[in-house]
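The primary structure of each chain is shown beneath.
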Amino acid sequence: MATFKISFVVVLVCCASTALQAADLYVSTTGSDTNPGTVQAPLASIDGARQAIASQGLAGQEPVTVHVADGVYYLPETVVFTAKDSGKKEGSVVYRAQNEGRAILSGGSKLKLSWTPWRDGIYQAKTPAGLKIDQVFVNGQNQRMARYPNYDPAKKASPYQGFAADAFAIERAKTWQDPTGGYIHAMHRAGWGGYHYRITGKDSTGAVTYEGGWQNNRRMGMHKDHRMVENIFEELDAPGEWYHNAETSTLYYLPAPNVDLANTQVEVVRLAHLIEFNGSQQAPVQFIRLEGFTIRHAARTFMDCKEPLLRSDWAIYRGGAIVLNGTQEISILDCEFDQVGGNAIFVNHYNRGVLVQGCHIHDTGASGVCFVGDPNAVRDPLFEYGQKNDLATIDRTPGPKTNNYPAESAVADSLIHGVGRVERQPAGVLIEMAAKITVSDCSIYDTARAGINIGDGAWGGHVIQRCDVFDTVLETHDHGSFNSWGRDRYWRSDHLTASQQAVDADPKLPFLDAIHTTVIRDSRWRCEHGWDIDLDDGSSNYDIYNNLMLCGGLKLREGFRRQAWNNVIVDNGLSSHVWFQNSHDQVTGNIMARAYTPLIRNNVTVDGLVDKNFYYQSDQAQLDKNAAKYGWDGESLSGDPMFVDPENGDFSVQDASPALKIGFKNFPMDQFGVKKSSLKALALTPSFLPKSGRRAKPVAAPMPLVKVWLGAVVQDLTGNQFSAFGVSKDEAGVVMSQIPDHSVAARSGLKPGDLIQGLADQRITNTQQLFIALTRLQAETIKLTLVRNQQTLELSVKPAVTVHLETANASADFKTLLPQATIGGKVSTNIGTLNDPVQVLTDRKLGKGYGPVFGNATANGAYKLDLGEVKPIAAVNSWSYRMGPARVSQKFTLYASRAETDPGWDLKKCTPLATIVTGTLPDTYAATSVRAADGGSLGKFRWIIWRTSPVSAQGGGENTSFQELGVQTH
């Protein structure tokens, strides 16, 4: 296939050859398209200049420059360039604003209105008959359709800057005479973008009827709360809102107090596309430059966003304010895209050598710049998440089938912000079914979803460099400032089995589509609502180095050959989700705050290497434990990295830093983002503080309480781990983390990575709810609802161990759990306790005090009971007293050992029996009992250990006021 090269740093605007004559044409708002286009007799429009060039045969014969004077050029229709309008390498056709930003190309029209008061501060004006209005601009600012709930600019990270569960409920709709033509905007139920619907009326019950919902490729329904309606007349009640009644040709508007309607310019939008380049690979439009224009008043296109983009989460509308089809060497330079209703620039199908440079793109309805190829160029394409290729019969030819996709193009030195003002699945830059796209020296922020998104592995070779991307994923979930998917032909939703087996047989399989390595380097990232860099499902063949990640860290979900080195990850670390075996992933030589958190780890072998990193919030003991458990970080170090000036964003390390021992090398901290001076003066920069607002000193975090159920270790979803399971943050659940082969969990059919979301018809979102429910649930068989491989299943289990809870307001009021019925022994603790001596815990009496309590903020306290000899244990009982609101509550994991000598405090040498979490209790005393479900024995043990955890956050963490600990024997 043919290749084209382009400079991504400097565009030469002088003529390439002095041998060619240069032609100049002039355009002015005071001109006429019947004029010759001279300075004295200018043309009136861009399209008039295009026609003049064609009629005079100038294009392709000599360099041509069209000089466009200041003013607003209302385009009567889309300006279309075809192959016959092309320049050539020796002489481009240049359309240039005489003063950057002051020649405005508008897809709208100006209205002359006569305003009269209507009511409640609302004004009305007659509009031309037949006029349809989608957007209204007042003095250059986009106003809002009448909506509910009202827009609140302070809610920057709130969906739609205001949402309501009853947005179109029947009770609300009763107040609407006729909502036909209104719109429903709703977030995806898991926060993966959004949906849009056109209201068609009301049915006989008064319920709103509507059509739409095709704008997201993961069609799972609306979020139950995150909803908003607009273009409803009865909701016109806030300054800046408007409603147009097309039947009566009346525009209603509620102006802000500072708006003088008598001296106000009102513009409306007509065109979706202002400029199109329409060519083909065989007859491309080429060597045309647009320079220095402001592009304004492009229509919203959210109801036309219907085409699924392979198996990514996206649907797309192939259009924008400027659309390129079949081009070579087209440049869009120093242009401003101001409040366009859809995508700003859409590079569609075959294009080579497109350059977007020095542009300011802001407040777009959809994405900033999109590079999107043809699905027919993809081998074995699929279009829904659940679809699966037969990996035995797929086409194994590497690369694309055709050249009908964007390649060797760039977005450079640009400022992109305010992305997704209408649609909630946007990106500052979108790359999908494309190759060798470069994004360099760009500042991208304030986006509803990703800053930069790569939707698939087809066909890689992209370079992301020296960018500054932050304040992203503001209204959505489970995403990153940089996001990618790689649901390519090798990838299936049952990837841990089918894809793994196929790749084991043919290691080249992941690289059939991701044929070129994508590079992310020398950039700064910050995402407070997801990951800084998120390589999601299947993403493969990436090099990630010299990046500063300020908040969300690095996520690597299943994929192959991802190599991350020499990055600084502040206040976070590596999230390794669902890794393949023999992935050849490597994470080495990085500075990170915390050690990694493996999640649904697929028995990763040594070919997935995480080592020689430096951690500053995880101590060496923790690294040693992780190395023994996972086989990673055996040569990693911990300590103070000695950052140079973190408060001001310089996370280089000083010459004496111990981080240099792992091979870390400083990289420039002052080259992120846009460089063009006028844009750099406008660009914001990210916060350098942690999400909490305070920077913690390098310390070791306390080891969390290991929670046990059915003989398996369970854990909460933290941060953005819900992403690994394909559920929303609100749905959450409890992860079956480690399941021994002979445990009840294993015998019941549970598998590592199962996510428990329901227990006996009770919704479960975290371990606290799970264990509280178990203390109140006495059933021989328990029905579970769980998620496995992103599919919901039901399963029944028969616990071998049960937990009983009894409370009382006086020690004599206990009916079942009596301290006199237990036997005790010698009690010791791993940390010193306060108040009473530990001996009172086995005196068979219930006191009224703190007991031998662990001090506030003690997170790892443990009591150990020595029975003197191995005995058959029928039950282990624990009593506590309400010394303050919380201390009667109990939260601990129970361990036992049959060792002849003291096992110490290494709980790995002990058998976990159960975890107890009682939650808040109303009475004075509480008693819990762990016992075998069949009334038999828990086992034969000598040592019983209560590993406790604080039961409140007061004072840094209050601990339980235990009064008595004991066992019952057979």
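This structure is a prediction, so every number in the text was calculated from the model and none was measured.

**What to know about the overall build of the protein**
Inference 1: When you go through the protein residue by residue, the secondary structure sums to seven helices and 74 strands.
Inference 2: For the protein, the C-alpha atoms occupy an extent of roughly 110 × 65 × 55 Å along the three principal directions.
Inference 3: Taking the contacts inside the protein whose residues are at least 6 apart along the sequence as the reference set, 71% of them involve residues at least 24 apart.
Inference 4: Charge centroids of the protein, computed over 93 positive and 100 negative side chains, lie 4 Å from each other.

**Description of the sheet that holds strand β9 (residues 122-126)**
Inference 1: Ordered in space as β8-β9-β19-β18-β12, the five strands form an open sheet in which the pairing is mixed. Each edge of the open sheet carries a strand with a single partner, namely β8 (116-119) and β12 (144-145).
Inference 2: In the sheet, β12 pairs with strand β18 (residues 241-245) via two bridges, with the strands oriented parallel. The residue bridging Met145 from the neighbouring strand is Trp242, located in β18.

**Focus: the confidence of the model for the protein**
Inference 1: Put simply, the protein has an average pLDDT of 93, and 96% of its residues get 70 or more.
Inference 2: Taken together, the stretch residues 1-19 has pLDDT below 50 and engages in 38 contacts with residues farther than four places along the chain or on a different chain.

**Some thoughts on the domain arrangement of the protein**
Interface size is commonly expressed as the accessible surface area that is lost when the partners come together.
Inference 1: You can read the domains of the protein as domain 1 (23-107), domain 2 (109-269), domain 3 (300-662), domain 4 (707-797) and domain 5 (801-969).
Inference 2: Using C-alpha coordinates to define each centre, domain 3 is positioned 48 Å away from domain 5.

**A short note on the sheet that holds strand β13 (residues 147-148)**
Inference 1: In spatial order, the strands read β13-β17-β14-β15-β16; together these five strands make up an open sheet with antiparallel pairing. Looking at strand neighbours, the two that pair on one side only are β13 and β16 (208-212), the edges of this open sheet.
Inference 2: Bridge analysis of strand β14 (residues 183-188) against strand β17 (residues 222-230) gives five bridges, and the strand direction is antiparallel. Bridge assignment links Ala186 to a residue of β17, and that residue is Arg227.

**A look at the side chain of His226**
Inference 1: The topology assignment puts His226 in strand β17.
Inference 2: Taking relative accessible area as the criterion, His226 reaches 14% and is therefore assigned buried.
Inference 3: If near-sequence neighbours (up to four positions away) are discounted, His226 is found in contact with Pro159, Tyr160, Phe163, His185, Ala186 and Met187.

**Concerning the pairing of strand β33 (residues 415-419)**
Regular strands show a simple pattern: their side chains alternate between the two faces of the sheet.
Inference 1: In terms of burial, β33 is a largely internal element, five of the five residues being buried.
Inference 2: In this sheet, β33 lies alongside strand β30 (residues 360-364) in parallel orientation, the contact comprising four bridges. Bridge pairing in β33 places Ile361 opposite Ile416.
Inference 3: Pairing between β33 and strand β36 (residues 443-447): four bridges, direction parallel. Bridge pairing in β36 places Val419 opposite Thr447.

**Quick notes on the nonpolar core**
For soluble globular proteins, the rule of thumb is that nonpolar side chains tend to be buried together.
Inference 1: One finds Tyr95, Phe277, Phe293, Phe337, Ile345 and Phe482 to be the most contacted residues of the largest nonpolar core, which totals 87 residues.
Inference 2: Among the domains, domain 1 (23-107) and domain 3 (300-662) are the pair contributing at least three residues each to this core.
Inference 3: Setting aside anything within four residues of it in sequence, one finds Phe277 in contact with Phe81, Val285, Ile288, Leu290, Ile322, Val323, Leu324, Asn325, Thr327 and Ile330.
Inference 4: Core analysis: the second largest hydrophobic core is formed by 25 residues, Val803, Leu865, Ala914 and Ala932 among them.

**Comments concerning the environment of Ser748**
Inference 1: Examined against the element boundaries, Ser748 turns out to sit in the loop between α6 (744-747) and β61 (755-759).
Inference 2: Judged by its relative accessible area of 17%, Ser748 is buried.
Inference 3: In this structure the C-alpha to C-alpha distance between Ser748 and Leu710, which are 38 residues apart in sequence, comes to 9.1 Å.
Inference 4: Each residue touching Ser748, except ones within four places of it in the same chain, is listed here: Leu795, Ser796, Val797 and Lys798.

**Comments concerning helix α4 (residues 620-630)**
Inference 1: Taken residue by residue, α4 has Gln622, Leu623, Asn626 and Ala627 as its buried positions. Down the axis, α4 shows its buried residues gathered within 140 degrees of arc, on one side only.
Inference 2: As for α4, its buried residues are in contact with β54 (614-615) and β55 (637-638).
Inference 3: Phi turns positive one or two residues past the end of α4, at Gly631, with a value near 80 degrees.

**Topic: helix α1 (residues 46-55)**
Inference 1: Extensive coverage of α1 is indicated by the burial of seven of its 10 residues.
Inference 2: All of the buried residues along α1 are Ile46, Asp47, Gly48, Ala49, Arg50, Ala52 and Ile53.
Inference 3: Those residues of α1 hidden inside the fold are in contact with β1 (23-27), β2 (64-68), β4 (79-81), β5 (93-97), β6 (103-106) and β23 (293-296).
Inference 4: Once α1 finishes, Gly57 follows within two positions and takes phi at roughly 65 degrees, a positive value.

**Digging into unusual backbone geometry**
Inference 1: That bond from Tyr148 to Pro149 is cis: its omega, -10 degrees, falls within 30 degrees of zero.
Inference 2: That bond from Ala458 to Trp459 is cis: its omega, 5 degrees, falls within 30 degrees of zero.
Inference 3: Within the element layout of this structure, Trp459 appears in the loop between β37 (450-454) and β38 (463-465).
Inference 4: In the Ramachandran plot, Asp571 falls in the positive-phi region, its phi being about 55 degrees despite a non-glycine side chain.
Inference 5: Locating Asp571 in the fold gives a position in the loop between β48 (568-569) and β49 (574-577).

**Here's the deal with the pattern of salt bridges**
Inference 1: Scanning all chains against the criterion turns up 47 salt bridges.
Inference 2: Lys676 is the salt-bridge partner of Glu100, the closest N and O atoms lying 2.8 Å from each other. Separated by 576 residues along the polypeptide, Glu100 in the loop between β5 and β6 and Lys676 in the loop between β57 (650-653) and α5 (677-680) bring together distant segments of the chain.
Inference 3: Residue classification places Glu100 among the partly exposed residues on the basis of a relative accessible area of 47%.
Inference 4: Its relative accessible area of 15% is what places Lys676 among the buried residues.
Inference 5: Of the charged contacts in the structure, one is a salt bridge between Lys864 and Asp902, with a shortest N-O distance of 2.5 Å.

**A word on the packing of aromatic side chains**
Inference 1: A complete count under the given rule lists 29 aromatic pairs for this structure.
Inference 2: An angle of 75 degrees between the planes, with centres 5.2 Å apart, marks the rings of Tyr197 and Tyr210 as edge-to-face. Remark: Tyr210 occurs in strand β16 and Tyr197 occurs in strand β15 (residues 194-202); sequence separation between them is 13 residues.
Inference 3: Given the relative accessible area of 36%, Tyr210 is considered partly exposed.
Inference 4: Ring centres of Phe892 and Phe962 lie 6.0 Å apart, and the angle between their planes is 70 degrees; on these two criteria the pair is classed as edge-to-face. Pair noted here: Phe892 is in strand β70 (residues 891-897) and Phe962 is in strand β74 (residues 962-969), with a separation of 70 residues, a long-range link.
Inference 5: An aromatic cluster is present here, built from Trp118, Phe233, Tyr243 and Tyr252 joined pairwise through their rings.
Inference 6: Cation over ring: Arg487 sits above Trp491, and NZ or CZ is 5.9 Å from the ring centre.

**Quick look at the state of the cysteines**
Inference 1: The tally for this structure, following the rule as stated, stands at zero disulfides.
Inference 2: Counting only cysteine sulfurs, Cys359 is the nearest neighbor of Cys335, a cysteine outside any disulfide, at a range of 5.0 Å.
Inference 3: We classify Cys335 as buried; its relative accessible area is 3%.
Inference 4: Summary of cysteine pairing: Cys467 is not part of a disulfide, and the nearest cysteine sulfur, belonging to Cys442, is at 4.9 Å.

**Observations concerning the environment of Arg270**
Inference 1: Mapping Arg270 onto the fold places it in the loop between β20 (266-269) and β21 (275-278).
Inference 2: With relative accessibility at 34%, the residue Arg270 sits in the partly exposed group.
Inference 3: Distance from Arg270 to Arg300, taken between C-alpha atoms, is 9.7 Å for residues 30 residues apart in sequence.
Inference 4: Not counting residues up to four positions away in its chain, the partners in contact with Arg270 are Leu75, Pro76, Gly107, Gly108, Ser109 and Ala299.
Inference 5: Here Leu75 takes part through its backbone oxygen, which lies 2.4 Å from a polar atom of the side chain of Arg270.
Inference 6: Only 3.2 Å separates the side chain of Arg270 from the backbone oxygen of Gly108, close enough to count as a polar contact.

Parameters and conventions
- Residues numbered from 1 in each chain as written.
- Predicted model: local features only at pLDDT ≥ 70, side-chain atom pairs only at ≥ 80, totals over all residues.
- Heavy atoms only, no water.
- Helix = DSSP H or I, 4+ residues; strand = E, 2+ residues; numbered from the N terminus.
- Contact = heavy atoms within 4.5 Å.
- Lys, Arg positive; Asp, Glu negative; His and termini not counted.
- Charge placed at Lys NZ, Arg CZ, Asp CG, Glu CD.
- Pairing = 2+ DSSP bridges.
- pLDDT = per-residue confidence, 0-100.
- Domains from an automatic or database assignment.
- Buried < 20%, exposed > 50% of the residue type's maximum accessible area, 1.4 Å probe, protein only.
- Core = buried A, V, L, I, M, F, W, Y, C linked by side-chain atoms within 4.5 Å.
- Arc of directions from axis to C-beta.
- Salt bridge = Lys/Arg side-chain N within 4 Å of Asp/Glu carboxyl O.
- Phe/Tyr/Trp six-rings, centres within 6.5 Å; stacked < 30°, edge-to-face > 60°.
- Lys NZ or Arg CZ within 6 Å of the ring centre and 35° of its normal.
- Disulfide = S-S within 2.5 Å.
- Polar contact = N/O pair within 3.5 Å; in protein donor to acceptor, adjacent residues only side chain to side chain.

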